[in-house]
There are 2 protein chains.
Amino acid sequence: MDFPSKLIENAVGELARLPGIGKKTALRLALHLLKADTDITASLAEALAKMRFEITYCRTCHSISDAEECSICANQLRDHAQVCVVADVRDVIAIENTGQYRGVYHVLGGVISPIEGVGPTDLHIDSLVERAAAEGSEVREIILAISPTMEGDTTAFYLSRRLRDLPNVHISTIARGIPMGGELEYADEITLGRSIVDRQRQVS
Amino acid sequence: MDFPSKLIENAVGELARLPGIGKKTALRLALHLLKADTDITASLAEALAKMRFEITYCRTCHSISDAEECSICANQLRDHAQVCVVADVRDVIAIENTGQYRGVYHVLGGVISPIEGVGPTDLHIDSLVERAAAEGSEVREIILAISPTMEGDTTAFYLSRRLRDLPNVHISTIARGIPMGGELEYADEITLGRSIVDRQRQVS
Ligand SMILES: [Zn+2]
Ligand SMILES: [Zn+2]
């Protein structure tokens, strides 16, 4: 097979290295860019390169950031007494999307996984403890928002133990239960059981 | 909602302008690039920009090209007596992918569509006639490989009329019939009818 142009062949090849983008989709995207205004491609290429080369990590919460401190940590309108602990930046963005949280974050950079050789020292756990224990720390609540998988639960358990002796800091965990719109009969029994034990009083 | 970084927000925004890429997919792609080596992003951004700004159109077949003449037209191992007429570059690549064709191409740039205001003069039809009629032309067969839609059929009919008086040039059309693996009972009746009329003798 001949590609009529090496330039498009290269572009298709590079696009197809992205996860979930096959050769056909890559070709469709490349042809779309060729038909569209040159500005579209220029700003896409520039945004990707700028992101990759200029992004850094927040010194406080370890989230991705444009500066030493991320825009969430730097935002004085957010509640710096509440720290939500998550495994990944993806989780920060998911929680931000809900619009329900006004505190700040702490990104661990993963979960404890003996199988994958990830131990507590490979994660930003010490810095979380230091952050909460520091003289004059504003932190009053640490919310563990870690996926309830086996590894996530191990991580949450480890964190609870590391954090339990801190004075004036409450530890909480995101609620587990039947998802909105979920049907009781399809819920697994552990989730259903917990949703009964952790039942909430109806506000009348 | 706050994005922890404007740089990733911009990159996600640009990626999400691509057709078929939603915000969630765009975020997944951006985070993938952030985790991967910087080289990956650098070569993706460069390949896209180079493609968009350096690609041109072949003066002979009007396909996308890196030079005045595309790599298919420039390839002397290809059969320049056969010209396959297609609507779009996409079709060139689809036919090249089959590995069954060794001739050259002519890209119309679309099909005749009165509804969308596309007439014969908006397409590379005159240049096809000139190419086939030119003194010393090598063209001996023109294969119409245009999708059998109403507009495609109109275009093919128009082309047949424009080309029919050329001496020494045969006009042919890609075979239509039941697709490989297709079930007779699900084929539409026009396709099935044509597949009987255009039946091929079994080679024993
Ligand atoms: Zn931060
Ligand atoms: Zn060409």
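Residues numbered from 1 in each chain as written. Chains lettered and ligands numbered in written order. Predicted model: local features only at pLDDT ≥ 70, side-chain atom pairs only at ≥ 80, totals over all residues. Heavy atoms only, no water.

Within an unreviewed UniProt entry, the label attached to chain A reads Recombination protein RecR, and the organism entered is Hymenobacter caeli. For chain A, the Sequence similarities (unreviewed entry) comment in UniProt is given as "Belongs to the RecR family." As stated in UniProt under Function (unreviewed entry), the record for chain A gives "May play a role in DNA repair. It seems to be involved in an RecBC-independent recombinational process of DNA repair. It may act with RecF and RecO." (UniProt positions renumbered as here; feature names shortened; annotations may be inferred.)

How do you make sense of the domain arrangement of chain A when you look at a structure like this?
Many authors give the size of an interface as the accessible area that is lost as the parts come together. Taken domain by domain, chain A comprises domain 1 (6–54) and domain 2 (64–173). Centre-to-centre separation of domain 1 of chain A and domain 2 of chain A, based on C-alpha positions: 35 Å. (Domains from an automatic or database assignment.)

Help me understand the sheet that holds strand β4 (residues 103–107) of chain B, please; the structure alone is not making it clear to me.
The pairing of strands in a sheet comes from backbone hydrogen bonds and takes either a parallel or an antiparallel form. Residue and element names in this part refer to chain B. Pairing in this open sheet of four strands is parallel, and the strands run β4-β3-β5-β6 from one edge to the other. A single partner strand is all that each edge strand has here, and the edge strands are β4 and β6 (170–173). Ignoring which end each strand starts from, the neighbouring axes of this sheet average 25° apart. Pairing geometry for strand β3 (residues 79–86) and strand β5 (residues 141–144), over four bridges, is parallel. The residue bridging glutamine 82 from the neighbouring strand is glutamate 141, located in β5. (Pairing = 2+ DSSP bridges. Helix = DSSP H or I, 4+ residues; strand = E, 2+ residues; numbered from the N terminus. Axes fitted to C-alpha atoms, helices over the stretch in contact; angles between N-to-C directions.)

Would you take a moment to explain the coordination of the zinc ion (ligand 1) for this structure?
By definition of the ideal shapes, a tetrahedral metal site with four donors has angles of 109.5 degrees and an octahedral site with six donors has angles of 90 or 180 degrees. Residue and element names in this part refer to chain A. Looking at the zinc ion (ligand 1), the protein donor atoms are Cys58 (SG), Cys61 (SG), Cys70 (SG) and Cys73 (SG), and they sit 2.3 to 2.4 Å from it. Its four donor atoms give the zinc ion (ligand 1) angles of 105 to 118° at the centre, a pattern that matches the tetrahedral case. Positions of the donor residues of the zinc ion (ligand 1) along the chain correspond to the pattern C-x2-C-x8-C-x2-C. Of this pair, cysteine 58 sits in the loop between β1 (56–57) and β2 (64–65) while cysteine 73 sits in the loop between β2 and β3 (79–86); the two residues are 15 residues apart in sequence, bridging distant segments of the chain. There is no split in this pair, since cysteine 58 and cysteine 73 are both buried. (Donors = N, O, S within 2.8 Å, 3.2 Å for Na, K, Ca; no water. Tetrahedral: all angles 85-135°; square planar, octahedral: opposite > 155°, others 65-115°. Buried < 20%, exposed > 50% of the residue type's maximum accessible area, 1.4 Å probe, protein only.)

Would you mind showing me how to read the coordination of the zinc ion (ligand 2) here?
Residue and element names in this part refer to chain B. Listed as protein donors to the zinc ion (ligand 2) are Cys58 (SG), Cys61 (SG), Cys70 (SG) and Cys73 (SG); their distances from the metal cover 2.2 to 2.4 Å. Of note is the zinc ion (ligand 2), whose four donor atoms meet at the metal with angles of 105 to 118° in an arrangement that counts as tetrahedral. Going along the chain, you hit the donors of the zinc ion (ligand 2) in the pattern C-x2-C-x8-C-x2-C. Owing to a relative accessible area of 1%, cysteine 58 belongs among the buried residues under this scheme.

What am I meant to see in the environment of glutamate 69 of chain A here?
All names here are of chain A. Locating glutamate 69 in the fold gives a position in the loop between β2 and β3. Taking the C-alpha atoms as reference points, glutamate 69 and arginine 102, separated by 33 residues in sequence, lie 17 Å from one another. Apart from residues no more than four positions distant in its own chain, glutamate 69 is found in contact with Cys58, Arg59, Thr60 and Ala74. (Contact = heavy atoms within 4.5 Å.)

Would you mind going over the UniProt feature "zinc finger region: C4-type" (unreviewed entry) in chain A with me for this structure?
Per the UniProt record, "zinc finger region: C4-type" (unreviewed entry) is found at residues 58–73 of chain A. The annotated region residues 58–73 of chain A carries 0% helix and 12% strand content, and the separation between its end C-alpha atoms amounts to 8 Å.

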